[in-house]
Every structure is written in C-alpha cells, then in structure tokens.
Amino acid sequence: MPRVRWLAVAVAAALVPLTACNRTPAPEGAAETPPGTATPAATPARSYTDQDISDAYIYLLSRLLVLRQQQLDLKEGFKWNEIVHRKPGAVDWANPNLDVAYSEAWIAIDENSCTIVTVPKITGRYYTVQFLNGWGETLANINERTQPKGAGDYAVCLKGANVQLPANVTRIDLPVKQVRVLARIELGKDWKGAEALQHQVTFKPTGSPATPAPGPKIPTFDLEHLPGVEAFEDAPAILDSESDLNPGMDAIAAKVRAIAEGVRDPAERARVEEVIRKKAMADFAAASPTIGHGTVKNHWARPAVTGTYDKDWLGRSLANLGGIWANTTDEVVYYKGNLDGSGVQLSGDHVYTMTFPKDDLPPKYANYFWSVIAVDTRAHRVLPNPKNRFLLNNQSDLKYNPDGSLTLYFAADKPADAPDGNWLPTPRGQDYRLTFRFYGPKGGVKDGTYFPPPLVKRS
C-alpha cells in the first residue's frame, strides 16, 4: 500500500509552542503581512493575509491527503464494498502497527443500501473495525468496548436510510455515503490464529449502492513534496465533495474559496505560491514536534487529539500526513520521541536505555497491549536490521531487573548487559525516532498525565 509519510522538514524543526487552537504559529519574530502588501500596485487588495493563506492551506491539506489515498487505493485495485486483507506484518506504512493484522476497504452506502459487516467471535485479543470519513475523522468503531454483543452482523447505514434489516443485525448510522474502513486484530503470539480471524471479517451490501463517481481533481503530489499553489486550483470542488462535519469551519473554508478565486490572477498566484513555500511549510514544520497542540514531557510528545479533531484542523492535517487513519484516544494513545533525556536527537551511533520502575510498568497503562517501534526521521518507516526485529512489546521475551523494574535497550549492537529480548536494534550512522503505543489506554495514559520515562544515553 502507498506509504504514508511525515513532512520531511518537520522532523528538524525546533519545538515551537502554539498559542491558538485554530491558527498555526508564525515563525518567531515574523510579522504578519497585511492584506495586499505582497501584490503589485495594480492588483486589487485581497481579503486574506499571509497567515490566512497558511491556515487555509494546512486546513485543506487534510482533505487532499484522504482523497489522494483513496485514489491510490482504487488504482491499486480496491473495489467498493470489498475488503482487502493484508498479510500480518507486511504493511508498508509510516508508523505501522506491527502488533495487528490489518484489513482495509472503502464502502459505499446510500438511501437504499447498507453494508453488512460480519465480525467473528474474537476472545483474548484486541480487535476493532474503524470507520472514517473523507477528512480522516473517525465515525465509529466496532469492538468489545462499543458493541458488547461482540460477534455478529452489523449494518453500516447512511443516517435516515429506509432499509429493512434482519432482527439480529445491529444498525450503525453514519453521516456520509463514502467510508474508509480499517480493521485491526491483535496478533499476539498466535499469528496464524489472528490471520484466520482476519479473513472471517466480511462485507456485503444489502442492495445495489450507486458506485461513487471519481473524486474531484487533486494535484499529483509525493508526501515528501507537498503541493503548492496548485492545491487551491480546484479547492471549491474539493470542499464540496464532502462536508467537514466539525463545527466552526465555515470561516476557514471561506478563506479557502477566496484564495482559490484569487489565484486565477497570475500575480496573486505567484504570491500564494511564495507564501505556501516560505510560511505555510514553516508553520507546519514548527507544529510537528508537539504534534500540533500536543504536550511534551520527558522529551516524549503526546498529541492533543487523534481520530476525532473537533476544531483542531492543524492536528488533523498533521495526523493525516504522519499516520493516516489514526484512531481515537479511547482506542489507542501514541507518543512520539526523537530526543534523548538531554534533548539531543536519537542516533544509531549511541546506546540508550529506558527504565520503567517496578510499580510503573507499561502494562499498568494498557488494557490490551503496548509496543515501541523505531522509525526513520524522514519517511517514518521501520528500520531494517539483521535480526528483523522491529518492535518491543508485551509479547517480547522481556527480562526484568532484580528489583522488578524493566529496562529497554536501543542500540546498533546488543549491549553486553542487555537481555536479548529487551534490545531493539537501531541503525548505526542514522538518526531515528520512536513511537510508543498503548492500546486500550487506562490510568495516566487515558487521562493524559502519564508520559514514558526519558531515554538515557549510555555511550
């Protein structure tokens, strides 16, 4: 599947705190350009500032990223209302969750047809079937937390659809006609068992839903080389293709439309291109270390929002670029760490340890499982190593210290005192970052007060 990547420049950006929920920060010391000052004298003054251009671009980006992924999926061979089961451990994404087997689909529903999702009986391992809209917002999850009945048939329907369903089918109403689906089943120690369960998740339309028309035209872009002014060329059609369900988005959407009108003028088009390249990209990069409006402690960053974003369009665009299809914090909490305890970039040339006290071990904060992976700082993909070991988790052969504490080791070569199962190989001569996950978060992870311990550089 096409890779999902972070903006490359974001990784190198310094931590810059954000001061407002719905605006990106200007670079320190920069003054906002007043309307019209960047245009030639003969060009009419515009109703938007450089900051408006930056904000509108970043806002629009979340929709562009989903449309891009949809078009790539359909080009790959996805068919509406047919599920694609990925081989466990074989996904090629940024920040992949190698703890689960993935299945994916795009489903179409309408006023006369629902899609029946059949979930097998799954016991002793985490699972969820997640539904998202065209902006990357999570609409629903089917799992033991949301649907205590567990195994059975669920009808995913357009809200208000007049469709007769069997009595034993649980109806789930969604507000949109096109939905992205991502199913996850915990691998645990029995990968074959997880794969067998994975293939028992099935989809079937109740009728003949209309095949969605091709999406609006979007610029062709690489996720390490985001579009410039061309992002606004068909922006009205992109906005009209699916409404943003979040409240309070009318004003920024109006700015998108105004800029789309403005770039018809060659001089204004040049101005918008320059603002995107010099300001919007810098604003986006500055927001990356804190994952938008997130919090940093022990040099671990926790996002303020994932999966559902309300008014935080900045967080949504960052999530869609860095880990599209992120789930809600009821399901999973992610921490990003690319600095050691002294605030220095992690490097495969050094040995790091991370120690959890005996009364504060990772399982304390996860109802299901926890894991940590190392990824490169540009594409955020797992790093190859001779052991083909890409994560440490609750299934690893961990050895505890005599006092009951747990120490994890990150190094190119196994330290002499490190138990093999506690060691995650990292690439010599290369910077990297870590992603720590807690599935079924509880306690301090759930309420936002917990952060993993810092990484200590030993050598």
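Treat the numbers as computed from the prediction; the structure is a model and nothing was measured.

A. Representation of the overall build of the protein chain in the model. Along the backbone of the protein chain there are 7 helices and 19 strands. A burial count over the protein chain gives 57% of its 459 residues as buried. Residue pairs at least 24 apart in sequence account for 77% of intrachain contacts in the protein chain once pairs closer than 6 positions are excluded. When the accessible surface of the protein chain is totalled, it reaches about 18,700 Å², and 51% of it is carbon and sulfur.

B. Just the sheet that holds strand S8 (residues 178-186), in detail. Strands sit in the order S1-S2-S8-S4-S5 across an open sheet of 5 strands; the sheet is antiparallel. Only two strands of the sheet have a single partner each, and these edge strands are strand S1 (84-85) and strand S5 (138-142). Alignment of S1 against strand S2 (residues 100-108), held across 2 bridges, turns out to be antiparallel. Among the inter-strand pairings, His85 is bridged to a residue of S2, identified as Ser103. Sheet strands touched by helix H2 (residues 191-198): S1, S2 and S8. Its angle to S8, the strand with the most contacts, is close to 150°.

C. Geometry of the state of the cysteines. Scanning the model with the defined rule gives 1 disulfide in all. Note that Cys114 is cross-linked by a disulfide to Cys157, the S-S spacing being 2.1 Å. Linking Cys114 and Cys157, the disulfide has an S-S dihedral of approximately 110° and is accordingly described as right-handed. Separated by 43 residues along the polypeptide, Cys114 in the loop between S2 and strand S3 (115-119) and Cys157 in strand S6 (residues 152-158) bring together distant segments of the chain. As far as burial versus exposure is concerned, Cys114 and Cys157 are alike and both buried.

D. Here's a closer look at the pattern of salt bridges. Counted by the stated rule, this structure contains 29 salt bridges. A salt bridge links Lys364 to Asp360; its shortest N-O distance comes to 3.3 Å.

E. Expanded view of helix H4 (residues 250-262). Compared with the 18 Å implied by 1.5 Å per residue over 13 residues, the 18 Å span of H4 between its first and last C-alpha is a close match. Residues of H4 that are buried include every one of Ile252, Ala253, Val256, Ile259, Ala260 and Gly262, and no others. Elements that come into contact with the buried residues of H4 comprise helix H1 (50-76), helix H3 (235-241), helix H5 (266-287) and helix H6 (313-323).

F. Fine view of unusual backbone geometry. The backbone of Ile291 shows a phi angle near 50°, a positive value even though the residue is not glycine. By the element assignment, Ile291 lies in the loop between H5 and strand S10 (295-297). Given the relative accessible area of 13%, Ile291 is considered buried. One non-glycine residue, Trp325, adopts positive backbone phi at about 75°. Relative to the helices and strands, Trp325 is located in the loop between H6 and strand S12 (332-337).

G. Region of interest: the sheet that holds S6. Across the sheet, 4 strands lie side by side as S7-S6-S3-S9; this open sheet has mixed pairing. Both outer strands of the open sheet, strand S7 (170-174) and strand S9 (202-205), are each paired with one neighbouring strand and no more. Geometrically, the sheet is characterised by an average inter-axis angle of 25° between neighbouring strands, direction not taken into account. When S3 meets S9, the two strands line up antiparallel, connected through 4 bridges. Within S9, the position partnered with Val117 by the bridge is Phe203.

Criteria and thresholds
Residues numbered from 1 in each chain as written. Predicted model: local features only at pLDDT ≥ 70, side-chain atom pairs only at ≥ 80, totals over all residues. Heavy atoms only, no water. Helix = DSSP H or I, 4+ residues; strand = E, 2+ residues; numbered from the N terminus. Buried < 20%, exposed > 50% of the residue type's maximum accessible area, 1.4 Å probe, protein only. Contact = heavy atoms within 4.5 Å. Areas by Shrake-Rupley, 256 points an atom, 1.4 Å probe, with all protein chains shown as cover. Pairing = 2+ DSSP bridges. Axes fitted to C-alpha atoms, helices over the stretch in contact; angles between N-to-C directions. Disulfide = S-S within 2.5 Å. Salt bridge = Lys/Arg side-chain N within 4 Å of Asp/Glu carboxyl O. Expected span 1.5 Å × (residues − 1).

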